[in-house]
Amino acid sequence: MREIMSFIHWYPGHIAKAQRQLKEKLSLVDVIIEVIDARIPYSSSYKSTAQLCQNKPRLILMNKTDVSDENYNKIWARTISSLSGCEVATTNLNDINSINTIITKVVNLSEPVMKKREEKGLLKRPTRVMVIGMPNVGKSSVINRLVKRAKAKTGAKAGVTREQQWVRINDKIELLDTPGIIPTVQDDQYQALKLACVSSIGDNAYDCEYVAAKLIEILKKYYSETLISYYGFSKDEEINLSTIALKKNWIIKDNMPDVKRASQIILSTFRDGKMGKFTLERIDEYELI
Ligand SMILES: Nc1nc2c(ncn2[C@@H]2O[C@H](COP(=O)(O)OP(=O)(O)OP(=O)(O)O)[C@@H](O)[C@H]2O)c(=O)[nH]1
Ligand SMILES: [Mg+2]
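Predicted model only: the values in this text are computed from it and were never measured.

Asker: Would you explain the overall build of the protein chain in this entry?
Answerer: Scanning the protein chain from terminus to terminus reveals 9 helices and 9 strands. The C-alpha radius of gyration computed for the protein chain amounts to 21 Å, which stays within 12% of the reference 19 Å derived for 289 residues, consistent with globular compactness. By the burial criterion, 35% of the 289 residues in the protein chain qualify as buried.

What follows is the structure in structure tokens.
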């Protein structure tokens, strides 16, 4: 996968600074919620989070299960849990049950932390929680949903806290109102490609046609029947950006396929789940078991 190097660019200076800033913020909290993308559970989880979080209790949310393949959600959740030693919850933030699950699990994680504080004779206060994760995984949505639920439950004004940036979720929990962005530093460019597929990498950092072409390869490998029927191909026809463009009649001058348009539409139909529910990675790809 070396060839991707020239398509997805990193800025090591920015990454080091972002990591430093995140570490400072993390030192303020007791429990961490890490959000990852259920379509790419491995690539969207940061391999050094435990170290970054100073081994504080962490709840991992495998989010966007409404657009990932349900056949792989459970097995990935179990695998991520055993790799990280953390509790993992599968979530769809449009579902209120997911929000209730998050609250229950955070309260459970906070109990030993509060007990420890008490044993040390520290002042009693709610558990401080922060949401972290790579770009576009749903961090702000988690915060917004938790805050909205708190408002609905208590009828209280949002954001009544001792310090401006903490929002009281219930009598046990307060949440930092801004998330921590884990910089998407990836030495594995195949993982970077998948992050680009789910928009976790800004589109100025990669070539749209290249990423769309690679996405089609992955979908051909794992979901060929869905791809064939979605675009109306027959079994023996070649599927690539050009043939999809021709099939959909996306044409530029001289009857040439509009590959650029095809790339953009393919990426967006994948991202919003219109083509189907897909999970782009399998556990055996990474020899995780
Ligand atoms: N389908 C689906 N979309 C979701 C879910 N959660 C969040 N999203 C969408 O994903 C996109 C990104 O969500 P945000 O909450 O802005 O993500 P973020 O991690 O704060 O993103 P950055 O601030 O860019 O790092 C938005 O369009 C959300 O509506 C989910 O469970 N399912
Ligand atoms: Mg955000």
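So much for the structure itself; the text now carries on.
Asker: So what exactly am I meant to see when it comes to the pairing of strand E3 (residues 87-91) here?
Answerer: Two faces make up the sheet, and in a regular strand the side chains alternate between them. Pairing analysis gives 5 bridges linking strand E2 (residues 58-63) to E3, with the strands arranged parallel. Bridged to Leu61 within E3 is Ala89. For the crossover that starts at E2, traverses helix H3 (residues 70-84) and ends in the parallel E3, the hand is right-handed.

Asker: So what exactly am I meant to see when it comes to the domain arrangement of the protein chain here?
Answerer: Many analyses report the size of an interface as the accessible area lost when the parts associate. Taken domain by domain, the protein chain comprises domain 1 (2-181) and domain 2 (207-286). Contact with domain 1, which involves 16 residues of that partner, is made by 10 residues of domain 2. Looking at the side of domain 1 that touches domain 2, its residues break down into 9 nonpolar, 3 polar and 4 charged.

Asker: Please explain the packing of helix H6 (residues 189-197) against helix H7 (residues 208-231) as it appears in this structure.
Answerer: Pairs of packed helices are described in terms of their axes, by the angle between the two and the distance that separates them. Put simply, H6 and H7 touch, their axes get as near as 10 Å, and they point 100° apart. It follows from the interaxial angle that H6 and H7 lie roughly perpendicular. In contact with Leu193, Ala196 and Cys197 of H6, H7 contributes Val211, Lys214 and Leu215. Within the contact of H6 with H7, the residues separate by chemical class into 5 nonpolar, no polar and 1 charged.

Asker: Whenever I open this one, the environment of Tyr222 confuses me. Can you help?
Answerer: Inspection of the secondary structure puts Tyr222 in helix H7. The partly exposed category is assigned to Tyr222, around which 15 C-beta atoms lie within 10 Å. Distance from Tyr222 to Asp236, taken between C-alpha atoms, is 17 Å for residues 14 residues apart in sequence.

Asker: What is the right way to read H6 from this model?
Answerer: Side chains that are three or four residues apart share a direction in an α-helix, a result of its 3.6 residues per turn. Of all the 9 residues making up H6, 7 are buried; the element is thus mostly covered by neighbouring parts of the structure. When we look at burial in H6, the residues that qualify are Gln191, Ala192, Leu193, Lys194, Leu195, Ala196 and Cys197. For H6, the elements touching its buried residues are H7 and helix H9 (259-271). Positive phi appears at Ser199, one or two residues downstream of H6, with a value of about 65°.

Each value, and the rule that gives it
- Residues numbered from 1 in each chain as written.
- Chains lettered and ligands numbered in written order.
- Predicted model: local features only at pLDDT ≥ 70, side-chain atom pairs only at ≥ 80, totals over all residues.
- Helix = DSSP H or I, 4+ residues; strand = E, 2+ residues; numbered from the N terminus.
- Rg over C-alpha atoms; globule rule 2.2 N^0.38 Å.
- Buried ≥ 20, exposed ≤ 12 C-beta atoms within 10 Å, placed from the backbone.
- Pairing = 2+ DSSP bridges.
- Right-handed = clockwise from strand over helix to strand, strands pointing away.
- Domains from an automatic or database assignment.
- Contact = placed C-beta atoms within 7 Å.
- Nonpolar A, V, L, I, M, F, W, Y, C, P; charged D, E, K, R; others polar.
- Axes fitted to C-alpha atoms, helices over the stretch in contact; angles between N-to-C directions.
- Parallel < 35°, antiparallel > 145°, perpendicular 65-115°, else oblique.

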